Amino acid sequence: MTDWVKILAERYSDTVPEGWTTTKDIAAELGVHHDSVYKRLHRKLNLGMIERKRLTIDGKQVSIWRPVESPEKEKRPAKGP
């Protein structure tokens, strides 16, 4: 039964996990309107460049985001001589 509690409680938190950022925080950092940032993030999500989770913090559902680390980037040869 404790596994179910962990799974169900994962969405309800008081804090954003390390490595993740809320849409509101990204908008504030960039100085761009929340809706504009959300649309940009959603496009990147569809391209597989970032991942999203939804949490409930203080009774409000929020999206949190983090970049996806791409193994292909590391495999590309360096440009130059």
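The coordinates are above.
Residues numbered from 1 in each chain as written. Predicted model: local features only at pLDDT ≥ 70, side-chain atom pairs only at ≥ 80, totals over all residues. Heavy atoms only, no water.

> Help me out: how do you make sense of the layout of surface pockets in this one?
Unfilled space is identified by rolling a water-sized probe across the atoms. Looking at the largest pocket, its volume works out to about 270 Å³. The wall of the largest pocket is formed by G19, T21, I26, L30, V37, R40, L41, K44, I50, W65, R66 and P67. Looking at the lining of the largest pocket, the elements that each hand over two or more residues are α2 (23-30), α3 (34-46) and β3 (60-67). No other element matches α3, which puts four residues into the lining of the largest pocket. Classifying every residue of the lining of the largest pocket gives seven nonpolar, two polar and three charged. By volume, the second largest pocket amounts to about 210 Å³. T22, T23, K24, D25, H34, Y38, I57, D58, K60, Q61, V62 and S63 are the residues that line the second largest pocket. Listed by contribution, the elements that provide at least two residues to the lining of the second largest pocket are α2, α3 and β3. In terms of residue count, β3 provides more of the lining of the second largest pocket than any other element does, four residues in total. Of the residues assigned to the lining of the second largest pocket, the class counts are three nonpolar, five polar and four charged. (1 Å grid on protein atoms, 1.4 Å probe; cavity = no way out; pocket = protein on both sides within 12 Å on 5 of 7 lines; lining within 4 Å. Points joined across faces, edges and corners; volume = space filled by probe spheres on them. Helix = DSSP H or I, 4+ residues; strand = E, 2+ residues; numbered from the N terminus. Nonpolar A, V, L, I, M, F, W, Y, C, P; charged D, E, K, R; others polar.)

> Got a minute to help me understand α3 in this structure?
Along an α-helix, residues three or four apart share an orientation, since each turn contains 3.6 residues. With 13 residues, α3 extends 18 Å from end C-alpha to end C-alpha; this agrees with the ideal 18 Å at 1.5 Å per step. G48 sits one or two residues past α3 and shows a positive phi near 80°. (Expected span 1.5 Å × (residues − 1).)

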